[in-house]
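Understanding the architecture of this molecule
Here is what each chain is made of, one letter per residue.
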Amino acid sequence: MNIFNIILIINLFLPVPLKKIQSLQREYYNIQHIKESTETIRPWNWNLCNIPGGEILGTFSNPGSSNLAFAISFRDLWRTTDGGANWSLSLENCMPRNGILSTTQRGIVVDGGGVVWVTLNGGNDWAEVLYTNNFQTASFDVADTIIYLVDSIPPRLWRSTNSGLSWQIVATFNNLYSIDQITHLKSNPAVFWFTAHTTPGDTLTYIYFSPSGAFVDTIVAGEVMDIQPNPFNPNFTLITTDLGIY
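Quick caveat: nothing in here was measured; it's all calculated off a predicted structure. (Residues numbered from 1 in each chain as written. Predicted model: local features only at pLDDT ≥ 70, side-chain atom pairs only at ≥ 80, totals over all residues. Heavy atoms only, no water.)

1. What to know about the pattern of salt bridges
Side-chain pairs of opposite charge can arise whenever the charged atoms involved come near each other. One pass over the structure, following the stated rule, counts one salt bridge. One salt bridge in this structure joins Asp151 and Arg156, with 2.8 Å as the shortest N-O distance. Here Asp151 falls in the buried class, since its relative accessible area comes to 0%. (Salt bridge = Lys/Arg side-chain N within 4 Å of Asp/Glu carboxyl O. Buried < 20%, exposed > 50% of the residue type's maximum accessible area, 1.4 Å probe, protein only.)

As structure tokens, then:
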């Protein structure tokens, strides 16, 4: 009789309580092993920020401003100066749509009515600098003093070179109905992309690339949520849509 048969016979005649104990021991070992592995790969602690503004729709900050960040609620703009431990009102009753902290002190927010607000002191004070018509999108994903902004129907492309203090119209695209997303290279702000539609609900998206001065391609997408160009090679660009990523 070999060792395998001996072990099999022993297991068959083991009392049921002893089998249960062995099962619990194995289960405990597995739980402890998973717990130790989890603690090894998750060294941080996370705390829920108690922002009194209700549902938070977005956040933004600047890589160079330590502990300063902003949170967008339905009606207000909130600010933290201690890394999120405490929050206070920065801009009230403006219904903010989107924003960016382009430098450690200069920031810009566009409200629900299309008004562009700018701060020069890290959110202590805000001033209205531009009144837009049907704000559509802006290059708020690039922390830069250069900002592109799109409004109106047909879309108008605005550009600011001083963190939103002053604006100039670059072009009006009479053949378009809307522009979904726009982004540019911080290292070369003259290079920008945007995606657009010609009619409401159109499932064909046009891609504009500024060095070409024209629409360079089309993709099938009803909505574009994000454009991420590779700053080292413009030929590698990711476009996130309602149908997937191109």
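2. Notes on a nonpolar patch on the surface
Together, Leu57, Phe74 and Met95 make up a nonpolar patch on the protein surface, roughly 300 Å² of accessible area in all. Looking at the element boundaries, Phe74 is found in the loop between β2 (69-73) and β3 (77-80). (Patch = residues over 30% accessible without salt bridge, like charges linked within 9 Å, V, L, I, M, F, W, Y side chains within 5 Å. Areas by Shrake-Rupley, 256 points an atom, 1.4 Å probe, with all protein chains shown as cover. Helix = DSSP H or I, 4+ residues; strand = E, 2+ residues; numbered from the N terminus.)

3. A word on the pairing of strand β16 (residues 214-220)
Relative to β16, strand β15 (residues 204-209) runs antiparallel, the two sharing six bridges. Within the sheet, the bridge partner assigned to Phe209 lies in β16 and is Ala214. The hairpin formed by β15 and β16 contains four residues between the paired strands, and Gly213 there has a positive phi angle of roughly 65°. (Pairing = 2+ DSSP bridges.)

4. Thoughts on the sheet that holds strand β10 (residues 147-151)
Spatial strand order, β9-β10-β11-β12: four strands in an open sheet with antiparallel pairing. Because the sheet does not close on itself, it has two edges, and the strands there are β9 (137-138) and β12 (168-172). Looking at chain direction, β10 and strand β11 (residues 156-160) are connected through five bridges and run antiparallel. The residue of β11 that forms the bridge with Val150 is Leu157.

5. Quick look at unusual backbone geometry
Note the cis peptide between Ile153 and Pro154, where omega equals 0°. Along the chain, Pro154 turns up in the loop between β10 and β11. Residue Asn93 is not a glycine yet carries a positive backbone phi of 55°. Tracing the backbone shows Asn93 in the loop between β4 (88-91) and β5 (96-101). Backbone geometry places Asn134, a non-glycine residue, at a positive phi of 55°. By relative accessible area, Asn134 is classed as partly exposed at 46%.

6. A closer look at the sheet that holds strand β19 (residues 244-245)
Pairing is antiparallel in the open sheet, where three strands are placed in the order β17-β18-β19. Each edge of the open sheet carries a strand with a single partner, namely β17 (224-229) and β19.

7. Quick notes on the environment of Ser90
For Ser90, the position within the fold is in strand β4. Overall, Ser90 belongs to the buried group, its relative accessible area being 13%. Linking Ser90 and Leu77, residues 13 residues apart in sequence, is a C-alpha distance of 5.5 Å. Only 2.8 Å separates the side chain of Ser90 from the backbone oxygen of Gly123, close enough to count as a polar contact. (Polar contact = N/O pair within 3.5 Å; in protein donor to acceptor, adjacent residues only side chain to side chain.)

8. Thoughts on the packing of aromatic side chains
Overall, the coordinates contain eleven aromatic pairs when judged by the stated rule. Centre to centre, the rings of Phe173 and Phe194 are 5.1 Å apart; their planes meet at 75°, and the pair counts as edge-to-face. Here Phe173, found in the loop between β12 and β13 (178-184), pairs with Phe194, found in strand β14 (residues 192-197); they are 21 residues apart in sequence, far enough to count as distant. For the pair Phe173 and Phe194, one class covers both residues: buried. Between Phe194 and Tyr208, the ring centres sit 4.7 Å apart and the planes meet at 5°, which makes this aromatic pair stacked. Of this pair, Phe194 sits in strand β14 while Tyr208 sits in strand β15, and the two are 14 residues apart along the sequence. The rings of Tyr148, Phe173, Phe192, Phe194, Tyr206, Tyr208 and Phe215 are connected pair by pair, giving a single aromatic cluster. (Phe/Tyr/Trp six-rings, centres within 6.5 Å; stacked < 30°, edge-to-face > 60°.)

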